[in-house]
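Working through the structure, step by step
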Amino acid sequence: MKEITYLEAINEALFEEMEKDERVFVMGEDVAVGYGGGGVFGVTRGLADRFGKNRVIDTPLSEVAICGAAIGAALVGLRPVAEIMFADFLSIIMDQLVNNAAKMRWTLNGEWDVPIVYRAAYGAGIGAGFHHSQSFEAWVAGIPGLKVVMPSDPRDAKGLLKTAIRDNDPVIFLEHKLLYKRASGPVPKEEYTIPLGKGEIKRSGSDLTIIGTGAMVRLALDAAEELEKKGVSAEVLDPRTILPLDTELILESVKKTGRAVIVQESPVFGGFGGEIAAMLADRAIDYLDGPVKRVGSLFTPIPNWIEMEKFYLPSVEKILDAAGEVIRY
Amino acid sequence: MKLSHEDHKKMLYWMILGRRIEEKITLLFKEGRMRGHHHPGVGIEAVHVGTCYGLGKDDYIVPSHRGKLPELMMGVGLDYLLAGYYNRREGLGGGRVPTGSHMYGDMSKHVIPGSGIIGSLIPVATGAGLGIKLKKERGVVLAFFGDGGANRGDFHEGLNMAAAFKLPVVFVLQNNSYSISVSLRQSTGLTRLSKRAEGYGMPGVTVDGCRVLEVYEEAQKAIARARSGKGPTLLECMWHRWTGHSISDADVYRTDKERAEGEKRCPVGTFKKECIAKKTITKREYEEMERRAKEEIEEAVRYCEKECTDPDPADVLRGVYSQG
Ligand SMILES: Cc1ncc(C[n+]2csc(CCOP(=O)(O)OP(=O)(O)O)c2C)c(N)n1
Ligand SMILES: [Mg+2]
């Protein structure tokens, strides 16, 4: 094992997969030399030096063209990794994602691969304002043909990105910008991958299951620590990919604990937490000892002032409140 | 490529076939034998034959909703294409996709699936060009779309990126001066859409899309330019839509005069007359072509209606993802 950041983990995955397969190439805005060498956050740093500008392509400011061109390049046999600088811009490329990328394989009778990874930095917490902070995972998770990945730590980020690049379907790979440099953790020195659709228990417990992805996992773990002090044993479950969703792991955990709190960074209404809650109501009702609670952001635009953003976002306190309600039920 | 008499004959045959297919499909719809959407491509024959004639196996096309000749000329079989229209299991798309209107493709023939979202494939064509360039292959991509599609933002992003990267793409703008009922005059301040090319730093040419040899000549220049690494071209082909936008459009917004003017420029009739005048073909040979086209179409229709089968409704589940 070695200790690296979330950002370094993603960078390593890109390096290794580009080294391994010459069909893999990176395209996006400012990915080659921007901000001192590779992406506004530095995720693609060093790639252009190693692989040249033919495989690390700086594009015009044209999200639709980036997204659409990745589809064309994939159809003719390449494996593009397209960077959408901020996941907020998924709103711009929705047509290409939903109407073209997601449907190409099915339209071609399931006989043609569409291997694309769309990497995008999502999430709030750094006071970046509503055009550079949103969590749109639920939008794309409702589209048959797409896959949606939201890693919460360096090991998962690296292993999942490697799998996403080798996957033959379009994958939306959502990287939480708050985690890039703030999250570091152990990553195997040797080659490894993590399958899509397999969640992981990040902390085991017996009284309550807290489910979350991305930056919400850290909050869930902190809340679990607090609960421990009060004698409540909380399990933290990270589905890691929300499409496909590891429903079996969620069911297994909630049947064991009898209680569930789902934490998501988007507003509660219309989020993927509702999908999990519905699944539990459908398939685990006899095991539940209390209501399934969802913790999410407020139903407002994301505020810029950092104190207001804290008020807006899920927090350890909000998770503890929800957990308390479920336990006291 | 200098065209021989043989080439002219083949081109004329494609044009006749294209015209008769469109007429037949329209009839099948009217008779209630086919369902869904159909946008007749009557009048567009010269645009398609002029641009696609001579394409090779390295080349790709991105089709539009208008006309089926590009797909057929890339090697998609007529029976297979029509079976898709009939939503038959044996057809293009396995009976699952709206072959009749927009979205179908066959990558084994280098036909990228078309789209029901007009204009959205322009950036995809750019990407296919990018892929060809990165793989250092010699192919070119022909992207077909109309004057309506050219007003989408996707047109701007797709052409701009293709020009910036000098990609091997020919953007074939099939200009019939209408987007359903909205005229070109109402839609843009320009009269010649090929002028937009200058804004992207690529050549823009307007040709008479009703004269197949003129289209061919300009298409060949654009294709040669793309193949040699010099980048894309915007090729605007002016043609007249002989029908309503789709078979359900009553076409009340055009005048009889306008229609009559347009129909004077019949691409099939014009080329046929030229061929006969130049003695490329005899009248008898022409009639033989008509007979052959009819036979080919009738046989395909018979195959679809008599031999093909309905897909299993559960086929809908197949192929959403690579794993199952
Ligand atoms: C994005 C989008 N907008 C509108 C439509 C509805 N529609 C289908 S074809 C069409 C007109 C297209 O005109 P043009 O691109 O000039 O092609 P033409 O039909 O004239 O050949 C419209 C408005 C659509 N399918 N997609
Ligand atoms: Mg038009």
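Please read these numbers as outputs of a predicted model, since none were measured by experiment.

**What about the overall build of chain B?**
For chain B, the helix and strand inventory stands at 12 helices and seven strands. Across its three principal axes, chain B shows a C-alpha extent of roughly 60 × 50 × 40 Å. For chain B, the proportion of its 324 residues judged to be buried stands at 57%. The contacts in chain B between residues at least 6 apart in sequence include a share of 74% that link residues at least 24 apart. About 13,400 Å² of surface is accessible on chain B, with carbon and sulfur atoms providing 52% of the total.

**Let's talk about the site of ligand 1**
All names here are of chain B. Taken together, 15 residues lie around ligand 1, and His 65, Arg 66, Gly 116, Gly 148 and Asn 176 are the ones closest in. Interatomic distance of 2.8 Å between a side-chain N/O atom of Asp 147 and an oxygen atom of ligand 1. Here Gly 149 contributes a backbone N or O atom positioned 2.9 Å from an oxygen atom of ligand 1. Within the complex, the protein chains bury 76% of what would otherwise be the 580 Å² of accessible surface of ligand 1. Partitioning the shell around ligand 1 into residue classes produces four nonpolar, eight polar and three charged.

**Here's the deal with the interface of chain B and chain A**
Contact residues are listed per partner, giving 41 residues for chain B and 43 residues for chain A. At the boundary of chain B with chain A, total buried surface from both sides reaches about 3,300 Å², with 66% on carbon and sulfur atoms. Summed over the shared surface of chain B and chain A, the result is one salt bridge. The partner of Asp 95 of chain A in a salt bridge is Arg 152 of chain B, and the shortest N-O contact between them spans 3.7 Å. One can count 19 residue pairs in polar contact (both at pLDDT 80 or more) joining chain B with chain A. Contributing elements (two or more residues each) for the side of chain B that touches chain A: α5 (122-134) and α6 (153-164) of chain B. The residue makeup of the side of chain B that touches chain A, split by class, is 20 nonpolar, 13 polar and eight charged.

**Let's talk about the sheet that holds strand β7 (residues 233-238) of chain B**
Residue and element names in this part refer to chain B. Read across the open sheet, the five strands follow the order β1-β2-β3-β7-β6; overall the sheet is parallel. Only two strands of the sheet have a single partner each, and these edge strands are β1 (60-62) and β6 (204-208). Averaged over all pairs of adjacent strands, the angle between strand axes in this sheet comes to 20 degrees, irrespective of strand direction. Alignment of strand β2 (residues 141-146) against strand β3 (residues 169-175), held across six bridges, turns out to be parallel.

**A short note on the packing of helix α9 (residues 216-229) of chain A against helix α13 (residues 316-328) of chain A**
The packing of two helices is summarised by the inter-axis angle and the distance between the axes. Residues and elements named next belong to chain A. Contact pair α9 / α13: the axes reach a minimum separation of 9 Å and the direction vectors enclose 55 degrees. Relative to α13, α9 is oriented oblique. Read as a crossing pair, α9 and α13 show a hand that is right-handed. For the pair α9 and α13, the contacting residues are Leu 219, Ala 220, Asp 222, Ala 223, Glu 226 and Leu 227 in the first and Val 316, Ile 319, Leu 320 and Ala 323 in the second.

**Points about the coordination of the magnesium ion (ligand 2)**
Residues and elements named next belong to chain B. Protein-derived coordination of the magnesium ion (ligand 2) comes from Asp 147 (OD), Asn 176 (OD1) and Tyr 178 (O), at a distance range of 2.0 to 2.1 Å. Read from N- to C-terminus, the donor residues coordinating the magnesium ion (ligand 2) fall into the pattern D-x28-N-x1-Y. With a gap of 29 residues between them, Asp 147 in the loop between β2 and α6 and Asn 176 in the loop between β3 and β4 (178-179) connect regions that are remote in the sequence. What makes Asp 147 buried here is its relative accessible area of 3%.

**Regarding the environment of Leu 320 of chain A**
Residues and elements named next belong to chain A. Mapping Leu 320 onto the fold places it in helix α13. A relative accessible area of 16% places Leu 320 in the buried class. Every residue in contact with Leu 320, bar those within four places of it in the chain, is listed here: Ala 223, Glu 226, Leu 227 and Lys 230.

**A look at the domain arrangement of chain A**
Residue and element names in this part refer to chain A. Split by domain assignment, chain A resolves into domain 1 (2-187) and domain 2 (200-326). Put simply, the middle of domain 1 and the middle of domain 2, counted by C-alpha atoms, are 26 Å apart. Across the contact, 31 residues belong to domain 1 and 23 residues belong to domain 2. Counting the surface domain 1 buries against domain 2, the share from its top three residues, Gly 127, Met 150 and Ser 152, is 21%. In this assembly, domain 1 and domain 2 are joined by four salt bridges. The residue Asp 156 makes a salt bridge to Lys 202 at a minimum N-O spacing of 2.5 Å.

**Some points on the environment of Met 289 of chain B**
Residues and elements named next belong to chain B. Of note, Met 289 is situated in helix α12 (residues 283-307). When its relative accessible area of 6% is taken as the criterion, Met 289 is described as buried. Between the alpha carbons of Met 289 and Lys 9 there is a distance of 9.2 Å; along the sequence they are 280 residues apart.

What counts, and where the lines are drawn
Residues numbered from 1 in each chain as written. Chains lettered and ligands numbered in written order. Predicted model: local features only at pLDDT ≥ 70, side-chain atom pairs only at ≥ 80, totals over all residues. Heavy atoms only, no water. Helix = DSSP H or I, 4+ residues; strand = E, 2+ residues; numbered from the N terminus. Buried < 20%, exposed > 50% of the residue type's maximum accessible area, 1.4 Å probe, protein only. Contact = heavy atoms within 4.5 Å. Areas by Shrake-Rupley, 256 points an atom, 1.4 Å probe, with all protein chains shown as cover. Near = heavy atom within 4 Å. Polar contact = N/O pair within 3.5 Å; in protein donor to acceptor, adjacent residues only side chain to side chain. Nonpolar A, V, L, I, M, F, W, Y, C, P; charged D, E, K, R; others polar. Buried area = accessible area lost by both parts, 1.4 Å probe. Salt bridge = Lys/Arg side-chain N within 4 Å of Asp/Glu carboxyl O. Pairing = 2+ DSSP bridges. Axes fitted to C-alpha atoms, helices over the stretch in contact; angles between N-to-C directions. Parallel < 35°, antiparallel > 145°, perpendicular 65-115°, else oblique. Left-handed = near helix turned anticlockwise from the far one by under 90°. Donors = N, O, S within 2.8 Å, 3.2 Å for Na, K, Ca; no water. Domains from an automatic or database assignment.

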